[in-house]
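# Summary of the model geometry
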Amino acid sequence: MSSLSHNNEPTNTAADVHENLFSELQPSFIQPESPRNHMEPQVCLKRKRESSPTPESSKRVKETDGNKVPESEHRSGSRPPRLSLPFDRLQEPVTLKDLTELLQFAALGNTGGLKQPSWCRLHHQKNVSGVSVILLEGLSQAHFYRHYQYFKHLRTKYTSRHSYTPSPGNMISEIFSSEVVNNSPADALGDQKSAQPEGGLQWHPVIRKFGLETRGLTGYLLTQEEMIKKHFPVRGMPGSEGFVCTDSDDRVTDSSPLYGLDCEMCLTEWGNELTRISLVDSRGSCVLDELVKPPNRILHYLTQFSGITRAMLQPITTTLREVQSKLKKVLPRDAVLVGHSLENDLRALNLIHPHVIDTSLLYRREFGRRFKLKVLAETVLKKQIQTEERKGHDPTEDAQAALELAQYFIHTGPRQVVELYCEELWGVSPTMYQPPVNRATSTHNNNSSLRFAEALKSSGQSAVFIGKRADNTLDLSNQQWHSSDREVLSSFKRGLDSHSFSIVQLSSFSDHLKAMISTDQHYHTMSQRLREMCVVFAGPLPSDYTERAVRRLFSSCGNVRAVRLLNATQRVHAEVEFELLEGAVLAVEMLNGTLLHSGHIVKVQRPVKESMLDLDVFLSSLQDDPLNANVIYAAGLKANAKTAQFAAKVNGTGLNANAAAEVNETRLNANIAALPAKVNRARLHAKANHSGLLEKVNGTFLNAKAKLAEANGPGLHAKAKFAKLAELSVEVNGTLLQVKTMLAEIAAEANVGARLHAKTAGLCEEDLREAFGQYGTVQGVILPAKHSRKQKRRRHAFLKYDSPDTVDAVLSSPVELWDRKVSTRRALTPPHLCSWVTMTTTTGSDRETLDESSQETGREEQEVACAMRKLDRRVGKLFRSLPDNTLSIVLLPGHNSSHGDGLCFLEVKQGSAALSNHAHDLMLPA
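Residues numbered from 1 in each chain as written. Predicted model: local features only at pLDDT ≥ 70, side-chain atom pairs only at ≥ 80, totals over all residues. Heavy atoms only, no water.

### What to know about the overall build of the protein
To keep it simple, the criterion reads: To qualify as a helix, a DSSP run of H or I must reach at least 4 residues; to qualify as a strand, a run of E must reach at least 2; elements of each kind are numbered from the N terminus. Using a 1.4 Å probe on the protein chains alone, a residue whose accessible area is under 20% of its type maximum counts as buried, one over 50% counts as exposed, and one in between counts as partly exposed. Note that accessible areas follow from Shrake-Rupley with a 1.4 Å probe, and for residues the cover is restricted to the protein chains shown.
A tally of regular secondary structure across the protein gives 35 helices and 30 strands. Within the protein, buried positions represent 50% of all 926 residues. Entry remark: accessible area of the protein is about 44,400 Å², with carbon and sulfur atoms responsible for 50%.

Next up, the structure:
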């Protein structure tokens, strides 16, 4: 057994009522800081087609907070996991923190006490079969879109795509070393404990598994189900192909012989491979101790743990097959193998044996954690093994220790073992054990300080990194280093069923970049090609035409990033650079042949360059991108006076001097008690910072009410009563005049604020939904963020509809917004991109250099394109090999962390039936 495996370690108040009314009547210019409405449309990245409900299923519903939820939705066991997030959230880049949230929840979920990620939602997490992260070193967002046509698998198999902000550190180490944050409420544990019966010995993990009675060795054998769950090699199971089976009987008895087994491994190009095996019989005598020569090149001898050195293996010729033959000869047919984390040893031996006892599972701990063999030997056997004085571990010594631990446990029985060593080994008294509580809450107390890699171990999951040799925080025993992508792919497929969490690194393109003369020039060239797609040339223009006039002309097509007048020619022309591809396309379609007031007919055309020859094919592919399904682009959006007038009208409702005048006109009479209600209706529209005025008004009317009660009291003469009422009237009227003045000031401020908001914001989502909703249901709206200081307003937006028919209706009809014609077309830019130009870093001086070296870079681009095709094919093979219901993430880490130019792909792999249903729902070919 490899010693590396030992480390598995109320009643509402008046203020509340006023606040609620204020929330309902607040003017539109006050933006509430409330969470996103739960009814906001969600973009489902993966969903299973719902079957038609039967009459019986329609009756079975569950009541939750007054809402009826079909019972079928609560049966997540048969529903595949899927991802979803709001449409407008797609433009926000994903960070490593966001990604780690998703990875932790997908792997640990509610059983780990974790909540849903803050930026997306993973439905039916309990049905996630595994998590796979593929890291494409050296690639950026610009690489993907520059060579978009070559990434067939990435485009079609992954339905979610997000910009990714690269991390400046070691991303792999940061993932595995990230802290698992448990969000279970602190008081939940106390509530559950108080509801549970009294604790005691019977709740110890060993007793819960084996009971209190002593039994024979057959009572401690792992069942086949347990062996599969703990990743033991089992005949007929995936991952055990090519393994040798021992000649064992179907049944064993309590008198069957025990054999202790331990192996040591080293790290090769293939992964961890066997270098030494030790086998001891039931008396502890060594019957087999062999050094083994790995067939693959050794990368690391792991001498610190294995004790193996180069000199020891130099003369060895013994192969793995020879050791397997010797084992089969030595072991009787009813032999029971004993070891500590024995699954690692059997996999190193490529050996299948059905009868095993694992000491790490005999002396079990909570939540899948395991004791080290060294700790068990010191505590139970009072033996010192794996000492620091010795160079590496002795497998014979470890095999003997595991054998003796098993024999002691069988002979002594679980109850006595727990009673003797509970405090010394498990650290608590037996009476301190409590009944099992909710696993999410229980895990919180044990895993709150765990790192992600440790939490995976604690939950019984196995993690692996496969890629180039690197300094990662993951244990060496969980790393497989390879020098080529082909080896990485083969290693991943071989061990697919051995690991539930994997990070696979494909670094061939990164190596290719390092071999280039100038990596910076490569990125600049690629950025220039992307920029050219958003550029149009216009002319001839009048000689007195300015950049501002050009910008005003082309802004109806979209946001103009830059304008450059070209005066070198006989007539004036202009180079116009848009933020988005749609702007350039609309400019060619709409403005080509435009007649200016000066009589000039403007010709608008794209640059004529080699890189632009296949632009139409590229645009067609982008239009068919699944991310752009049922999405339209609308340009020429402007706010005008109507917006300010509308906002002022809304804000002025009840928030002006009329409310105070109405109050002031109310005379002090027998109904004076109704005055506070009138003032309250006016004050509901005031901001919170005018609370001082409101308190004063309230105080005045409370005082007035008290005086009124005093005046109406018995025993007062009519003349005295009248005098008190007159005095009270003067006091109230004075306060009302102050209220009138203050409310008028507030109304003026509100109207100014509304006009300013309408002028700067340009447009809002509600206006767009109202204007475009007449054609069909608008599922989501994206109002892009500003990208330059010159851009005062947002003049374009993306709208997602529920069907292609609705999109056709919009595109075939003239759309007007505030009596202004709006330009529309099918979207080309995926939702996660704010601008095509933000992917580039090319400056004006770079353009001349790039044009001069176009012939030289053309050859390099062909080599890069070839590398892109190979990478995409390998990603496709990796994706196809994943089991169904696996969360697959592909990361393009980007070139510069300060630019956020990475890309992240997300998908939950589903079976062919689920995929067909999903494709049918999206009205796409299956």
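### Some thoughts on the pairing of strand β6 (residues 130–136)
Spelled out, the test is: At least two bridges found by DSSP between two strands is the condition for calling them paired.
Among the 7 residues in β6, 7 count as buried, and that is most of the element. Taking every second residue as pointing to the same face, both faces of β6 are buried, with Gly-130, Ser-132, Ile-134 and Leu-136 on one and Val-131, Val-133 and Leu-135 on the other. Looking at chain direction, β6 and strand β29 (residues 886–892) are connected through 6 bridges and run parallel. Residue pairing in the sheet places Ser-132 in a bridge with Ser-888 of β29. Of the pairings in the sheet, the one linking β6 to strand β18 (residues 501–506) comprises 6 bridges and is parallel in character.

### Thoughts on the sheet that holds β18
Two pairing modes exist for strands in a sheet, parallel and antiparallel, and in both the strands are linked by backbone hydrogen bonds. Test applied: The convention used is that axes are lines fitted to C-alpha atoms, helices contributing only their stretch in contact, and that angles between N-to-C directions extend from 0 to 180 degrees. Whether two residues touch is decided by their heavy atoms; if any such pair falls within 4.5 Å, the residues are in contact.
In spatial order, the strands read β7-β30-β29-β6-β18-β16-β17; together these 7 strands make up an open sheet with mixed pairing. Every interior strand has two partners, whereas the edge strands, β7 (160–164) and β17 (479–481), have only one. Each strand of the sheet is rotated relative to its neighbour by a mean of 15°, with strand direction disregarded. Contacting β6, β7, β18, β29 and β30 (902–908), helix α3 (residues 96–108) runs over the sheet at an angle of about 160° to β29. Sheet strands in contact with helix α20 (residues 485–494) are β6, β16 (463–467), β17 and β18, and its direction is about 165° off that of β18.

### What about unusual backbone geometry?
Phi is mostly negative for residues that are not glycine, and the peptide bonds are mostly trans. Of the consecutive residues Gly-539 and Pro-540, the connecting peptide bond is found in the cis state with omega at 0°. Inspection of the secondary structure puts Pro-540 in strand β19 (residues 535–541). One non-glycine residue, Asn-630, lies in positive phi territory at about 65°. As for its position among the elements, Asn-630 is in the loop between α25 (615–623) and β24 (631–635).

### Quick notes on the pairing of β29
For β29, the tally of buried residues reaches 7 of 7 residues, placing the bulk of the element in the interior. Burial of β29 is two-sided: the residues Thr-886, Ser-888, Val-890 and Leu-892 facing one way and the residues Leu-887, Ile-889 and Leu-891 facing the other way are all buried. As paired elements, β29 and β30 share 6 bridges and run antiparallel to each other. Across the sheet, the residue bridging to Ser-888 is Glu-907, located in β30.

### So, the pattern of salt bridges
Formally: The working definition used for a salt bridge is a side-chain nitrogen of Lys or Arg within 4 Å of a carboxyl oxygen of Asp or Glu.
Applying the stated criterion across every chain, the model contains 18 salt bridges. A salt bridge links Glu-226 to Lys-209; its shortest N-O distance comes to 2.4 Å. A residue pair is termed long-range when its members are at least 10 positions apart, and Glu-226 in helix α9 (residues 224–229) and Lys-209 in helix α8 (residues 205–210) qualify at 17 residues. The partner of Arg-333 in a salt bridge is Asp-249, with the nearest N and O atoms 2.9 Å apart. Remark: Asp-249 occurs in the loop between β8 (244–245) and β9 (258–268) and Arg-333 occurs in the loop between α12 (320–330) and β13 (336–339); sequence separation between them is 84 residues. You can call Asp-249 partly exposed: its relative accessible area is 29%. What emerges from the salt-bridge pattern is a single network uniting Arg-531, Arg-561 and Glu-577.

### A word on the packing of aromatic side chains
The geometry of an aromatic ring pair is captured by the separation of the ring centres together with the interplanar angle, meaning the angle of the planes. Selection criterion: Paired rings are identified among Phe, Tyr and Trp, the last through its six-membered ring, by centres lying within 6.5 Å, and are further divided according to the angle between planes into stacked (under 30 degrees), edge-to-face (over 60) and tilted (the rest).
For the structure on display, the rule yields 18 aromatic pairs. Geometrically, the ring pair formed by Tyr-158 and Phe-905 is edge-to-face, given 6.2 Å between the ring centres and 70° between the ring planes. In this pair, Tyr-158 sits in the loop between α5 (152–157) and β7 while Phe-905 sits in strand β30, placing the two residues 747 residues apart along the sequence. Between Phe-554 and Phe-578, the aromatic rings sit 6.3 Å apart at their centres with planes inclined by 65°, giving edge-to-face as the arrangement. Here Phe-554, found in helix α23 (residues 547–554), pairs with Phe-578, found in strand β21 (residues 572–578); they are 24 residues apart in sequence, far enough to count as distant. Each member of the pair, Phe-554 together with Phe-578, is buried.

### Some points on the nonpolar core
So the rule is basically this: Nonpolar core, defined: a set of buried Ala, Val, Leu, Ile, Met, Phe, Trp, Tyr and Cys residues in which side-chain atoms within 4.5 Å join the residues together.
By size, the foremost hydrophobic cluster in this structure holds 121 residues, and its most contacted members are Leu-136, Phe-501, Phe-554, Trp-836 and Ile-889. Ranked by residue count, the leading element in this core is α3, at 8 residues. In contact with Leu-136, not counting residues within four places along its chain, are Leu-154, Leu-506, Leu-871, Val-875, Val-890, Leu-891, Leu-892 and Pro-893. Counting residues in each nonpolar core, the second largest holds 36 residues, with Leu-362, Ala-377, Ala-406 and Tyr-433 among its members.

### Here's the deal with the confidence of the model for the protein
This is how the line gets drawn: pLDDT measures how confident the predictor is about each residue, on a scale from 0 to 100.
On average, residues of the protein score 75 in pLDDT, and 67% of them reach the 70 mark or higher. Note that residues 752–761 has pLDDT below 50 and, in this model, 15 contacts with residues that lie over four places away or in other chains. Counting interchain partners and residues more than four positions distant, the pLDDT-below-50 stretch residues 915–926 has 16 contacts.

### Quick look at the state of the cysteines
Heads up, the condition is: In plain terms, two cysteine sulfur atoms within 2.5 Å form what is called a disulfide here.
Scanning the entire structure with this criterion turns up 0 disulfides. Between Cys-904, a cysteine without a disulfide, and Cys-120, which holds the nearest cysteine sulfur, the sulfur-to-sulfur distance is 9.4 Å. In this structure Cys-904 comes out as buried when scored by relative accessible area, which is 0%.

### Focus on the sheet that holds strand β23 (residues 601–605)
With antiparallel pairing, 5 strands are arranged side by side in an open sheet as β20-β21-β19-β23-β22. Each having just a single partner strand, β20 (560–566) and β22 (594–595) make up the two edges of the open sheet. Both β19 and β23 contribute to a ladder of 3 bridges, which runs antiparallel. Bridge assignment links Gly-539 to a residue of β23, and that residue is Lys-603. Strands in contact with α23 are β19, β20, β21 and β23; relative to β20, the strand with the most contacts, it is inclined by about 130°. Relative to β23, helix α24 (residues 581–591) is tilted by about 145°, and along the sheet it contacts β19, β21, β22 and β23.

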